[in-house]
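Coordinates in review
Given next are the chains, with one letter for each unit.
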Amino acid sequence: MKRMMRLFRGFFGVGLLLHGLVHAMGFVAYWPLAEVAELPYKTALWGGRLTLGAGGMRLFAAVWLAAALAFGVGVGLLALRRRAWAGVILAAALVSLVLCILDWEAAFRGAWINVAVLLVLGVVFGLRQSPAPFPPAPLAAGTVDTLPLPAGLPQPLERYLRGVYGERLPLIHSAVLTGRGTLRVMGVTFPARIRFSHRSGYDYRHYMEATFWGRPLMKVNEVYMNGRGRLELPFGVEEGPAVDSAANQGLWAEMMYYPASLVTDPRLRWESVDERRAKLHVPFGEETQTFTFEFDPASGDFVRLETLRLRDSKTPPMRWWCESPTVDGRKVFTATWEDEGTPWLTEWLEDAVYNADVSAYLRQKGA
């Protein structure tokens, strides 16, 4: 799918560039600098109903040139993966559409090309429209007790927790985490709104909506309870040992939203590696799973956690990692598979409810 998207982007860019070259021919024909058989010189447009004269046609030609340059700039921005490309191409296509309508007899094919370009841009801008946030979780937060920061933790972990909490850690038994972000499905990155509900260290429910023009297009319901996972996707249901294993790792990785629980749970074991890394061993039935955490040695901030994770039952475990970079001035949480190289999930947290009674809420569906 990624290959198909790259090919489409390449063909789209080439098509836009050729369309821009035709506009350059329009400038040559209507200034006029030379005769172009497909664009015969005239001084009246719109079937002869709009008379411009020689001076007006030079202005008309100049607009053709401006459209050609705009298509060229837009293609360059597209090649450089700059977000502004779509806005530039939108302006160029709208101007081009007006030009082609005015010169319909000679340029009607260009009008239909512009309509196709505008349809593509409708998809592009629809995939950029962030949805409204979920309403607040329908749960009341509970009391949060604290306990002293334990001794004997790996040095980079201790420094990180002290920076986040100080000398006392909250005891968090449940969390309902709500936010927005992006979710990649079959190679297409959709805006998304997301709610993760946890019984800390035991169970979770995920509800995610991939959206288009801010409206839900696909809904994902995922549960992990009593060591068993079930993933309900728009195109089917996934269950089995591979889902169980991956779900358990997802549960512990998401607890980085409230990292005190990665220390206060007595079932966990931390192991020092060096001044910037530590390993965490978590329970999975009768087995354990291991994460490697990395912290910035200068600031003490969390940088990355990594583990070997199953994506499905047909492929061996591969590297999977989470990071917490700052994007557009906002701290986000990302998840990436090694063979993809870029995050399939990006989320920023907008609301959190801790220590609510989630026993019934975990068995529901939807937000």
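The rules we used
- The residue count restarts for each chain, going from 1 along the sequence in the order it is written.
- For a predicted model such as this one, the threshold for reporting local features is a pLDDT of at least 70, and the threshold for listing and counting side-chain atom pairs is 80 or more; totals across whole chains, interfaces and linings nevertheless cover every residue.
- As a convention, hydrogens and water are excluded, and side-chain values are obtained from all of the structure's heavy atoms.
- Strands here mean DSSP runs of E at least two residues long; helices mean DSSP runs of H or I at least four residues long; both are numbered from the N terminus.
- Computation of the radius of gyration draws on C-alpha atoms, with the globule rule given as 2.2 Å multiplied by the number of residues to the power 0.38.
- Only protein chains enter the area calculation, which uses a 1.4 Å probe; residues under 20% of their type maximum are buried, those over 50% are exposed, and those in between are partly exposed.
- Contacts are residue-level and defined by heavy atoms, with any inter-residue pair within 4.5 Å sufficient.
- What the bend at a residue measures is the angle between two axes, fitted to the seven residues ending there and to the seven starting there.
- Any residue with relative accessible area above 30% and no salt bridge may belong to a patch, with like charges joined within 9 Å and the nonpolar Val, Leu, Ile, Met, Phe, Trp and Tyr side chains within 5 Å.
- Per-residue accessibility takes into account occlusion by the displayed protein chains alone, with areas from the Shrake-Rupley method and a 1.4 Å probe.
- For this analysis, a salt bridge means a side-chain nitrogen from Lys or Arg found within 4 Å of a carboxyl oxygen belonging to Asp or Glu.
- Each nonpolar core is a collection of buried residues, namely Ala, Val, Leu, Ile, Met, Phe, Trp, Tyr and Cys, held together in the definition by side-chain atoms within 4.5 Å.
- Any pair of Phe, Tyr and Trp rings, taking the six-membered ring for Trp, is counted once the centres come within 6.5 Å. Such a pair is stacked with planes under 30 degrees apart, edge-to-face with planes over 60 apart, and tilted for the rest.
- Each ring is checked for a lysine NZ or an arginine CZ that lies within 6 Å of its centre and within 35 degrees of its normal; such an atom marks a charge sitting over the ring.
- Pairing between strands is defined by DSSP: at least two bridges between them are needed.
- What a helix should span is 1.5 Å times the count of its residues minus one.
- We define a polar contact as two N or O atoms separated by no more than 3.5 Å, with the added condition that, inside protein, one atom must be a possible hydrogen donor and the other a possible acceptor, whereas residues neighbouring each other in sequence contribute only through side-chain atom pairs.

**What to know about the overall build of the protein chain**
- Helix and strand counts for the protein chain stand at 7 helices and 19 strands.
- In summary, the protein chain has a C-alpha radius of gyration of 28 Å against a globular reference of 21 Å for 367 residues, an excess of more than 25%.
- When the backbone C-alpha atoms are referred to their principal axes, the protein chain occupies close to 85 × 45 × 40 Å.
- Considering the protein chain as a whole, with its 367 residues, one finds that 43% of them fall into the buried category.
- For the protein chain, contacts bridging at least 24 residues in sequence account for 53% of all contacts bridging at least 6.

**Some words on helix H4 (residues 104-126)**
- Bending of H4 peaks at approximately 30° at the position of Gly110.
- Three or more residues of H4 are buried, namely Ala107, Gly110, Ala111, Asn114, Val117, Leu121, Val124 and Gly126.

**Quick look at unusual backbone geometry**
- In this structure, Pro32 follows Trp31 across a cis peptide bond, with omega equal to -5°.
- At Arg81, a position not held by glycine, the phi torsion is positive, near 60°.
- Here Arg81 lies in the loop between helix H2 (53-79) and helix H3 (85-102).
- Look at Trp213: it is not a glycine, yet its phi comes out positive at around 50°.
- Assignment of secondary structure puts Trp213 in the loop between strand E7 (203-212) and strand E8 (215-225).

**Some words on a nonpolar patch on the surface**
- On the surface, a cluster of nonpolar side chains totalling about 530 Å² of accessible area is made up of Ile101, Trp104, Trp112, Val115 and Leu119.
- Broken down by element, the nonpolar patch gets its largest block of residues, 4 residues, from H4.
- Position of Trp112 relative to the elements: it lies in helix H4.
- Judged by its relative accessible area of 56%, Trp112 is exposed.

**Some words on the nonpolar core**
- One finds Leu262, Phe293 and Leu305 to be the most contacted residues of the largest nonpolar core, which totals 52 residues.
- Those residues in contact with Leu305, other than ones at most four positions away along the chain, are Ala253, Met256, Phe291, Thr292, Phe293, Trp320, Trp321 and Cys322.
- Counting residues in hydrophobic clusters, the runner-up holds 16 residues, among them Met57, Trp64, Leu97 and Ala111.

**As for the packing of aromatic side chains**
- Applying the stated criterion across every chain, the model contains 19 aromatic pairs.
- Both rings, one in Phe12 and one in Trp85, keep their centres 6.1 Å apart while their planes meet at 75°; by these two values the pair is edge-to-face. Here Phe12, found in helix H1 (residues 2-30), pairs with Trp85, found in helix H3; they are 73 residues apart in sequence, far enough to count as distant.
- What makes Phe12 buried here is its relative accessible area of 12%.
- The buried category is assigned to Trp85, whose relative accessible area is 12%.
- Ring pairing ties together the aromatic residues Tyr160, Trp270, Phe291, Phe293, Phe295 and Phe302, which thus form one cluster.
- The ring of Tyr202 has Arg267 sitting right over it, with the charged end atom 4.0 Å from the ring centre.

**Some thoughts on the side chain of Asn248**
- Mapped onto the secondary structure, Asn248 falls in helix H6 (residues 241-254).
- We classify Asn248 as buried; its relative accessible area is 4%.
- Dropping the residues within four chain positions of it, Asn248 is found in contact with Tyr224, Val282, Pro283, Phe284 and Gln289.

**Brief notes about the pairing of strand E11 (residues 269-272)**
- Summarising the sheet, E11 and strand E12 (residues 277-284) pair through 4 bridges and their orientation is antiparallel. Bridged to Glu271 within E12 is Lys279.
- In sequence, E11 turns back onto E12 through a hairpin of 4 residues.

**Considerations on the pattern of salt bridges**
- Per the counting criterion, the structure on display carries 20 salt bridges.
- With its nearest N and O atoms 2.9 Å apart, the salt bridge here joins Asp203 to Arg199.
- We note a salt bridge from Glu239 to Arg230, for which the minimum N-O separation is 3.3 Å.
- Judged by its relative accessible area of 29%, Arg230 falls in the partly exposed class.

**Focus on H2**
- Along its 27 residues, H2 runs 39 Å from first to last C-alpha, staying within 8% of the 39 Å computed at 1.5 Å per residue.
- Within the span of H2, buried status applies to Met57, Phe60, Ala61, Trp64, Ala67, Ala68, Phe71, Gly74, Val75, Leu77 and Leu78.
- Two residues or fewer after H2 comes Arg81, characterised by a positive phi angle close to 60°.

**Topic: the side chain of His23**
- With respect to the helices, strands and loops of the structure, His23 is situated in helix H1.
- Within the structure, the side chain of His23 is placed 2.5 Å from the side chain of Ser96, a separation counted as a polar contact.

Everything listed here is a matter of geometry and, on its own, says nothing about what the molecule does.
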